[in-house]
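# Coordinate inspection notes
Okay, here's what each chain looks like letter by letter:
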Amino acid sequence: MLIPLILSGGSGTRLWPVSRRNLPKQFLSLAGHGTLFQQTVARTRELPDVAAPIVVASEDHRFLAAEQLREAGIDGGAVVLEPLARNTAPAIALGALEALKHDPDALLLVLPADHLIGDTHGFVDAVQRALPAARQGWLATFGIRPDRAETGFGYIRRGAALDEGAFRVERFVEKPDLATAEGYLADGGYDWNSGMFLFRADRYLEELGMHAPAMLAAVRAAHAAAHADLDFVRVDKELFAKVPEDSIDYAVMEKTARAAVIPVSCSWSDIGSWSALWLAGERDAEGNLREGDTLAVDTRNSLLRSHDRHLIATVGVNDLIVVSTPDATLVAHRDAAQDVKKVVEQLKSAN
Ligand code: GDD
Ligand code: MG
């Protein structure tokens, strides 16, 4: 059975001041129809023969996740709650263990909850093309053609063709530095890792056992001690705290010999920062992306976002991000959008 596993534990600090600890970006309507989480859930409903999703989220966001699932009309999925964040490799392991309770042959479609995908048909088509490789035991990734030397992504070098539009992964490099990313872009043989994966749940655990055995053992122990509470699966806090922190990309994908890549052509973006939202959004003739009450005079290539009828006016500026909320205003250069997380870090250490 094909089971979507929705990763929803990120905190979205680069989208401060709209994304907050209690209401992170995946649960917000930032672009498109509904929240990013709900759009992710809705996309899975377009897949043939698909089960209800397993959501892995922070305990702090359990009611948000449950409420948004209900609103999306989902019945019967599981919500696994992490008492603390250990990054994606453990989160996916929890989802895999949960899936195997229901189906020993479960195929897991891992989906980040914060992506914007313009074309659902392209997504469905890509998943279908990945199914044969995943059934044969490959860890399937979805490759996006890069158009810039982005350092926040993983890069995949395509190897020999497998079948039906899948290729062996020759090399997987997570978040290279700028010079390396520029080299990959010029080379032309690399795709971005989209962050979505398709594999058998048991195969993922096997690979984790090979490359990060301590992590697998610790996740197994925490999951075995989990308890059901209403519709939630609560993972044991003391045991989960012992799980080493790492992403699937570093812990498994860079190391496995059994990765495949399925090239994807649909429009895709990881709404990781305000500049990513600006890039993905519908900009006006001056290149501005505006939301709420804004007035832009002689302003270009900027993102202006106001909440609660607070007017933002800009004059004679370019490449700015201005976001106001009732209790905070952000003004940043578009090129510095990644550093917005530093504001959150400083606020945290001040508290
Ligand atoms: N449940 C849970 N627990 N979810 C998590 C955790 C966690 O501890 N940490 C992150 N997530 C969720 C995030 O909410 C997001 O939906 C997804 O997992 C991916 O995490 P990110 O932190 O956004 O990863 P990234 O964007 O830096 O990198 C990944 O995605 C890129 C494409 O967007 C990698 O897979 C890259 O290789 C890839 O290019
Ligand atoms: Mg991301």
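Source: prediction; values computed, not measured.

## Side note on the packing of aromatic side chains
This structure, assessed with the given rule, holds 9 aromatic pairs. Where F63 meets F232, the ring centres are 6.2 Å apart and the plane angle is 75°; that geometry is what we call edge-to-face. Here F63, found in helix α2 (residues 62-71), pairs with F232, found in strand β11 (residues 232-234); they are 169 residues apart in sequence, far enough to count as distant. Residue classification places F63 among the exposed positions, given a relative accessible area of 53%. The buried category is assigned to F232, whose relative accessible area is 5%. Each ring, one from F153 and one from W192, has its centre 4.9 Å from the other, and the planes form 75°; the classification is edge-to-face. Here W192 lies in strand β9 (residues 190-200) and F153 lies in the loop between β6 (139-144) and β7 (154-161), a separation of 39 residues in the sequence. A connected cluster of aromatic rings, assembled from ring pairs, spans F153, W192 and W268.

## Focus on the pairing of β6
The buried count for β6 comes to 6 of 6 residues, which makes it a mostly enclosed element. Taking every second residue as pointing to the same face, both faces of β6 are buried, with L139, T141 and G143 on one and A140, F142 and I144 on the other. With 6 bridges joining them, β6 and strand β12 (residues 259-264) adopt parallel strand pairing. Bridged to T141 within β12 is V261. With 4 bridges joining them, β6 and β9 adopt antiparallel strand pairing. When the bridges of β9 are listed, T141 appears paired with F197.

## Topic: the nonpolar core
Of all hydrophobic cores here, the largest spans 45 residues; its most connected members are F199, Y204 and L208. The biggest single contributor to this core is helix α3 (residues 88-102), with 8 residues. If near-sequence neighbours (up to four positions away) are discounted, F199 is found in contact with I92, A106, L107, L108, V110, A134, W138, L139, Y204 and I248. In this structure, F123, V127, Y190 and I262 belong to the second largest nonpolar core, which totals 34 residues.

## A short note on the domain arrangement of the protein
Accessible area lost upon the coming together of the parts is a frequently used measure of interface size. Examined at the domain level, the protein breaks down into domain 1 (2-270) and domain 2 (274-350). Contacts between domain 1 and domain 2 engage 15 residues on the former and 21 residues on the latter. Summing both sides of the interface, domain 1 and domain 2 together bury roughly 1500 Å²; the carbon and sulfur share of this comes to 66%. Our count for the contact surface shared by domain 1 and domain 2 stands at 1 salt bridge. Viewed at the interface, domain 2 and domain 1 are joined by 4 residue pairs in polar contact (both at pLDDT 80 or more). Residue composition of the side of domain 1 that touches domain 2, grouped by class: 7 nonpolar, 3 polar and 5 charged.

## As for the site of ligand 1
Taken together, 25 residues sit near ligand 1, with E174, K175, N193, D249 and D270 positioned nearest. In the environment of ligand 1, an oxygen atom lies 2.9 Å from a nitrogen or oxygen atom belonging to the backbone of N87. Note that an oxygen atom of ligand 1 is positioned 3.2 Å from one of the backbone N or O atoms of A113. Protein chains shield 88% of the accessible area of ligand 1, which is 730 Å² for the free molecule. Of all the secondary structure elements, the ones that give two or more residues to the shell around ligand 1 are β1 (2-8), α3, β9 and β13 (268-270). For the shell around ligand 1, the element with the most residues is β9, which contributes 3 residues. Residues of the shell around ligand 1, tallied by class, amount to 8 nonpolar, 10 polar and 7 charged.

Conventions adopted
The written sequence of each chain sets the order in which its residues are numbered from 1. By the order in which they are written, chains take letters starting at A while ligands take numbers starting at 1. With pLDDT at 70 or above as the cut-off, local features in this predicted model cover only qualifying residues; side-chain atom pairs require 80 or more to be listed or tallied, and sums for whole chains, interfaces and linings still use all residues. With hydrogens and water excluded, all non-hydrogen atoms of the structure serve as input to the side-chain values. Any two rings among Phe, Tyr and Trp, with Trp reduced to its six-membered ring, count as a pair given centres within 6.5 Å; such a pair is stacked if its planes are under 30 degrees apart, edge-to-face if over 60, and tilted if neither. Numbering of helices and strands starts at the N terminus; helices are DSSP runs of H or I of at least 4 residues and strands are runs of E of at least 2. Burial status follows relative accessibility: with a 1.4 Å probe on protein chains alone, a residue under 20% of its type maximum counts as buried, one over 50% as exposed, and anything between as partly exposed. For two strands to count as paired, DSSP must find a minimum of two bridges between them. Take the buried Ala, Val, Leu, Ile, Met, Phe, Trp, Tyr and Cys residues and link them wherever side-chain atoms come within 4.5 Å; each set so joined is a nonpolar core. Contacts are residue-level and defined by heavy atoms, with any inter-residue pair within 4.5 Å sufficient. What fixes the domain bounds is an automatic or database domain assignment. As a working definition, buried area equals the accessible area (1.4 Å probe) given up by two parts on being put together, with both sides summed. By definition, a salt bridge exists where a carboxyl oxygen of Asp or Glu is found within 4 Å of a side-chain nitrogen of Lys or Arg. Identification of polar contacts relies on pairs of N or O atoms within 3.5 Å, with a donor-acceptor requirement for protein atoms, meaning one able to donate a hydrogen and the other able to accept it, and with residues adjacent in sequence counted only if both atoms are side-chain atoms. When residues are grouped by polarity, Ala, Val, Leu, Ile, Met, Phe, Trp, Tyr, Cys and Pro land in nonpolar, Asp, Glu, Lys and Arg in charged, and all others, Gly among them, in polar. Being near a molecule or strand, for a residue, means having at least one of its heavy atoms within 4 Å of it. In short, Shrake-Rupley with a 1.4 Å probe defines the accessible areas, and a residue's cover is counted only from the protein chains shown.

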